[in-house]
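Next come the chains, spelled out residue by residue.
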Amino acid sequence: MSESSSVQQARKALGQRLRDIRRDSGLSARALAEAAGWHESKCSKIQSGRVMPSEADLRAWTAICGVPEQAADLIATARNIEGMYVEWRRLERAGLKLAQESVRPLFERTRRFRMYQSWVIPGLLQTAAYTRAVLNTIVSLRGTLDDVDDAVAVRMERQKVLYAGHHRFAILIEEWVLRTVIGTPDILVGQLGHLITVGSLPSVSLGVIPLGSTRGAGWPVESFTIYDEAQVNVELVSAHLTITQPAEISGYGQAFAELASIAVYGAKARSLITGAINALG
C-alpha cells in the first residue's frame, strides 16, 4: 500500500513553503538549482512534493535564499513527515523492545481508543505467551534483533492502562482472528480465555464480527487504532502508517462505526469466543 494522503499533503505543504522562501528571495528555480549544484528539475520536484528534500538540501536551500535561520524548523518539519510512514524494518532495527516503548506516551495521553483487528488479537488484550509467539514470528519474518523477552515485558506493563479510570477502549475483532492459531493451539486457548476476562472489564467494549456476516459498508480492512480524534495508526504489511489529517481520521472513524454496527457484543461475543475454544478440542 502506498503512503496516505496525510503524507502527500504534508510533503506538498513543505514544498509550497520552500517555494515561498525562494520567491521571497527573488531567485528563480533555475538560479537556486545552479547555486546549489542541482539539476533544475530537482527544485520543481521538491516544490511539488514529489521529492522529499534531505536535511542537507534544506540547509542549502535556506542558505542560498538568505534565510539560514529557517533551516532548523524546516528540518524538524521534514523529520515529522518522514515519521508518518515508517517501514517496519526501520522502526524495529534497534529491537522490538524500543518499538514497544515508543508508543507509551501516546497510550498514556489518549483517553478514547478505537481498535479494529483483522490480523491478530490486539496487543492490549494479549497474554504473554501469545505476545511472545507473535513477536517470535516477526523476528523470523523480518530478521529483527531478537529481544523478544524484553519486548513482551514492555507490552505486559503497557496493559496496565486497561485498569486506569481515565481510558476507554472500543475493540473490534474479526471472528477469523479467534480461529487463527498463533504459536500453538494451547497458547490460543489460553489467549481466548483471557480475552473473555479482559473483555468484561468496565473500560472495555469488545465486539466480534461473525464469519458470514452481511458486510454492507463494514468491509474487512487493514488493522488500525484511532487515538481520540488526534491520530490513526495503521498496520501495513511493510510499514507503520501514522495519519493526522482530520479528513482521513474521520474516514477511519466512519469505517469503525460501520464495522461496529455488524459486530456482536456481550453474551453473543463470548459465545463466539467459546466456540473457537471448543473447536481447538
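Treat the numbers as computed from the prediction; the structure is a model and nothing was measured.

The rules behind these values
Residues numbered from 1 in each chain as written. Predicted model: local features only at pLDDT ≥ 70, side-chain atom pairs only at ≥ 80, totals over all residues. Heavy atoms only, no water. Buried < 20%, exposed > 50% of the residue type's maximum accessible area, 1.4 Å probe, protein only. Helix = DSSP H or I, 4+ residues; strand = E, 2+ residues; numbered from the N terminus. Arc of directions from axis to C-beta. Polar contact = N/O pair within 3.5 Å; in protein donor to acceptor, adjacent residues only side chain to side chain. Core = buried A, V, L, I, M, F, W, Y, C linked by side-chain atoms within 4.5 Å. Contact = heavy atoms within 4.5 Å. Disulfide = S-S within 2.5 Å. Salt bridge = Lys/Arg side-chain N within 4 Å of Asp/Glu carboxyl O.

A. Region of the structure containing helix 10 (residues 148–158). Regarding helix 10, the residues found buried are V148, A151, V152, V154, R155 and R158. What you see down the axis of helix 10 is that its buried residues fit within an arc of 160 degrees, all on one side.

B. Seen up close, the environment of H39. With respect to the secondary-structure elements, H39 resides in the loop between helix 2 (29–36) and helix 3 (40–48). Residue H39 is classed as exposed on the basis of its relative accessible area, which comes to 61%. Here the alpha-carbon distance between H39 and A29, two residues ten residues apart in the chain, equals 10.0 Å. Here the side chain of H39 touches S41 through a polar contact of 2.9 Å, side chain to side chain.

C. Examining the nonpolar core more closely. Counting 41 residues, the largest nonpolar core has F169, L178 and L195 as the members making the most contacts within it. Of the residues forming this core, the biggest block, six residues, is contributed by helix 9 (residues 128–142). Leaving out residues up to four positions away in the same chain, L178 has contacts with I121, I173, L188, L192, L195, V208, L272, I273 and A276. In this structure, V7, A29, C65 and F224 belong to the second largest nonpolar core, which totals 40 residues.

D. Region of interest: the state of the cysteines. Inspection of every chain in the model, using the stated rule, returns zero disulfides. As a non-bridged cysteine, C65 has C43 as the owner of its nearest cysteine sulfur, 8.5 Å distant.

E. Seen up close, unusual backbone geometry. With a phi angle near 50 degrees, D228 is a residue other than glycine that sits in the positive phi range. Tracing the backbone shows D228 in the loop between strand 5 (224–227) and strand 6 (231–235).

F. Inspection of the pattern of salt bridges at higher detail. Applying the stated criterion across every chain yields a total of ten salt bridges. Of the charged contacts in the structure, one is a salt bridge between R59 and E55, with a shortest N-O distance of 3.8 Å. You can see R59 and its partner E55 sitting in helix 4 (residues 55–64), four residues apart, about one turn around the helix. On the basis of relative accessibility, which here comes to 46%, the residue R59 falls in the partly exposed class. Judged by its relative accessible area of 28%, E55 falls in the partly exposed class. The closest approach of N and O atoms between D149 and R132, which form a salt bridge, is 3.4 Å. Remark: R132 occurs in helix 9 and D149 occurs in helix 10; sequence separation between them is 17 residues. With a relative accessible area of 32%, R132 lands in the partly exposed category.

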